[in-house]
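Descriptive analysis of the structure
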Amino acid sequence: MAVKIRLKRMGKIRTAIYRVVVMDSRTKRDGRAIEEIGKYDPNQEPSLIEIDMERADYWVAQGAQPTEAVAALLKHYKDGTLKVAEPKTSKKDLYEAAVAAAGKAEADGGAATTPRKKAAKKADDAPVAADTEGSAAAAESTDADADASADKA
């Protein structure tokens, strides 16, 4: 039986992820594997490559032939030329940092991100802000009344 170490395609259309598997060379690409020894995700930046090198070396010693793609992955994995993704900060740490920043903003004077509405003007100032045409007509009528009463007296 000819044994190969090759990639087994999984995942969605256009977003394939692969498993590094040991299988008989006569089985179909996504068929039953003898053993799964790793995974490869080219969609991430940098690509995720996880291979159990102990099992890969065992199978190579038993006569399993890696395909070209798997041989390249094994070479990168052994050389240590893999780019490693930066560890993500946990959501809990992000939350605590946001709470601390919000508490600091309140202590600094409570500067809001949006300006507050200005206080409404007092009732005394309200007629001043009234329509100018209406107040001019009212002023003329009071002047006319004052003149009429002055003429009678």
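How each quantity is defined
Residues numbered from 1 in each chain as written. Predicted model: local features only at pLDDT ≥ 70, side-chain atom pairs only at ≥ 80, totals over all residues. Heavy atoms only, no water. Helix = DSSP H or I, 4+ residues; strand = E, 2+ residues; numbered from the N terminus. Buried < 20%, exposed > 50% of the residue type's maximum accessible area, 1.4 Å probe, protein only. Areas by Shrake-Rupley, 256 points an atom, 1.4 Å probe, with all protein chains shown as cover. Phe/Tyr/Trp six-rings, centres within 6.5 Å; stacked < 30°, edge-to-face > 60°. Arc of directions from axis to C-beta. Contact = heavy atoms within 4.5 Å.

With that out of the way, let us pick up the overall build of the protein chain. The helix and strand inventory of the protein chain stands at 4 helices and 5 strands. Going from N to C terminus, the protein chain has its helices and strands arranged as β-β-β-β-α-β-α-α-α. Burial status across the protein chain gives 18% buried among its 153 residues. A total of about 12,400 Å² of accessible surface is found on the protein chain, and carbon and sulfur atoms cover 53% of it.

Scanning the model with the defined rule gives 2 aromatic pairs in all. With a centroid separation of 6.1 Å and 20° between ring planes, the pair formed by Tyr-18 and Tyr-40 is classed as stacked. In this pair, Tyr-18 sits in strand 2 (residues 15-24) while Tyr-40 sits in strand 3 (residues 35-41), placing the two residues 22 residues apart along the sequence. Residue classification places Tyr-18 among the partly exposed residues on the basis of a relative accessible area of 23%. A relative accessible area of 19% places Tyr-40 in the buried class. With centroids separated by 5.5 Å and ring planes inclined at 80°, the aromatic side chains of Tyr-58 and Trp-59 adopt a geometry described as edge-to-face. Using a relative accessible area of 14% as the deciding quantity, one classes Trp-59 as buried.

Moving on: unusual backbone geometry. What is expected of a backbone is that most residues other than glycine have negative phi and most peptide bonds are trans. Note that the residue after Glu-45, namely Pro-46, is joined by a cis bond; omega there is -5°. The topology assignment puts Pro-46 in the loop between strand 3 and strand 4 (48-51). Of note in the backbone geometry, Arg-14 takes a positive phi value of approximately 65° without being a glycine.

Turning to helix 1 (residues 53-61), a few remarks are in order. Turning to helix 1, its buried residues number three or more, namely Met-53, Ala-56 and Trp-59. Buried residues of helix 1, viewed axially, fall in a sector of 125°; they line one side. Exposed residues pointing more than 90 degrees away from the buried face of helix 1 are listed as Glu-54 and Ala-61. Lining the buried residues of helix 1 we find strand 1 (3-12), strand 2, strand 3, strand 4 and helix 2 (68-79).

No statement about biological role is implied by the geometric values presented.
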